[in-house]
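Descriptive structure summary
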Amino acid sequence: MYCIKRSRSRLLCLLDMMPALHNYITVDTSAFLSNPRYMEIMYTICKLVLKSDPGEDPESHAAKLLEVILLQCKGLVDQFVPLFVELALERLTREVKTSELRTMCLQVVIAALYYNPALLLETLNNMHLPNTNEPILSQFIRQWIDDTDCFLGVHDRKMCILGLCTLMDTPSNRPEAITAVAQQLISSLVLLFEGLKRAYANRALAEQDDSEGEEEEEEEDIDAVICEDDDDVIEEDNHEYLEALEKSIGGADVDAEEDDEDYDEDGLEETQLETYETPLDEEDYPVDEFAVFKHTLEKLRVQDPGWYNVLTCNLKADQVKVIQEIYTLADQRLAAKTSKKIEEQGGYVFTNTSVPPAFNFGN
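How each quantity is defined
Residues numbered from 1 in each chain as written. Predicted model: local features only at pLDDT ≥ 70, side-chain atom pairs only at ≥ 80, totals over all residues. Heavy atoms only, no water. Helix = DSSP H or I, 4+ residues; strand = E, 2+ residues; numbered from the N terminus. Polar contact = N/O pair within 3.5 Å; in protein donor to acceptor, adjacent residues only side chain to side chain. Contact = heavy atoms within 4.5 Å. Salt bridge = Lys/Arg side-chain N within 4 Å of Asp/Glu carboxyl O. Buried < 20%, exposed > 50% of the residue type's maximum accessible area, 1.4 Å probe, protein only. Expected span 1.5 Å × (residues − 1). Bend = angle between axes of the 7 residues up to and from the residue.

1. Focus on the side chain of Glu289
Residue position: Glu289 is located in helix α14 (residues 289-303). Of note is the side chain of Glu289, whose polar atom sits 2.7 Å from the side chain of Tyr200. When residues no more than four places from it in sequence are discounted, the contact partners of Glu289 are Lys158, Ile161, Leu162, Phe193, Leu196, Tyr200 and Arg333.

2. Digging into the pattern of salt bridges
Across all of its chains, the model carries 18 salt bridges by this definition. Residues Lys64 and Glu67 are paired through a salt bridge, measuring 2.9 Å at the closest nitrogen-oxygen approach. Taken together, the positions of Lys64 and Glu67, both in helix α5 (residues 56-72) and three residues apart, correspond to about one turn of that helix. Taken individually, Lys64 and Glu67 each receive the classification buried, so the pair is uniform in this respect. With a shortest N-O distance of 2.7 Å, Arg333 and Asp288 are connected by a salt bridge. Note that Arg333 is positioned in helix α16 (residues 317-344) and Asp288 in the loop between α13 (239-268) and α14, a separation of 45 residues in sequence. Residue Arg333 is classed as partly exposed on the basis of its relative accessible area of 26%. Here the salt bridges do not stand alone but share partners, grouping Lys51, Asp53, Glu90 and Arg94 into one network.

3. So, helix α6 (residues 81-92)
With twelve residues, α6 extends 17 Å from end C-alpha to end C-alpha; this agrees with the ideal 16 Å at 1.5 Å per step. Residues of α6 that are buried include every one of Val81, Phe84, Val85, Leu87, Ala88, Leu89, Glu90 and Arg91, and no others. The inward-facing, buried residues of α6 abut α4 (36-51), α5, α7 (99-115), α8 (117-125) and α9 (136-146).

4. Structural notes on helix α2 (residues 13-26)
In this model, α2 (14 residues) spans 20 Å end to end at C-alpha, consistent with the 20 Å of a helix rising 1.5 Å per residue. The sharpest bend along α2 comes to roughly 40°, located at Pro19. The complete set of buried residues in α2 reads Leu14, Met18, Leu21, His22, Ile25 and Thr26.

Shown next as structure tokens:
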């Protein structure tokens, strides 16, 4: 970390250091937070990168590091939230060429909203950025809604969904900046859920392919061991044939790699930044985005019907159908989680295990 902090010419080191920095935060979070100096160094690293224009790839990684801290240390780093948010939004006031950096900076602010909505709203109300007189909250929300289709993969869409649900669930004295986009919130969420369902399906398919590939490799290893035990398999006069076979296999590997690259781009839509996981990405994370959406809408329908009507009054028939599907998926995912939890605990427990010694079926 020292080399990045002390020398701007070495800012690109962040790309190489990112796995280690991510581990410092996530592997033992208590140890990371035990010394305030560690957090200060992390912030300084990100600040140097985001203010020194080393290229948008390192800048995207720096923004990701800020997001990871907010999600990993939820409720524990309040004093750093305004600093992180200002750093991300200030970068957006300068030219941004790639959607990855733009959405990553937005995600820092979305993570802060998820971290503590009241704290973020207070921070944005007190913040003043150069070259603009428009309220920061209005600029942020408008940019967020406009860029909804730029959030890709599983994590980014999930983060965006949880953020928009939090935005919808603000108190009745919500800022004008939120009410101004009310009729766009559900439409944005429908778009995100449609993409998220595809991303989940593609991820499951990729995991299935990986599993099948591992099984094939195990079978090949077993076959190789059997062949080694047979002295008649490899002979001198078969040397040329084996060389040709190796070349053929090598060519197939290249083709497979190209297919994998195409699959990643067209299917999963996931970037390298998705590999830096947060609590949101854990399989047993208690918050499910489908359930949160359903709970939020149902809560507003009962407790704040006026706001609910504003949110839903202009929905199209196909959007209503998608929402119904989301509700169904929310129930299915909850049932699956409950079933898995019961299974992990050893299955259902029946308290009455005694068996009567005789049965009387009547006369």
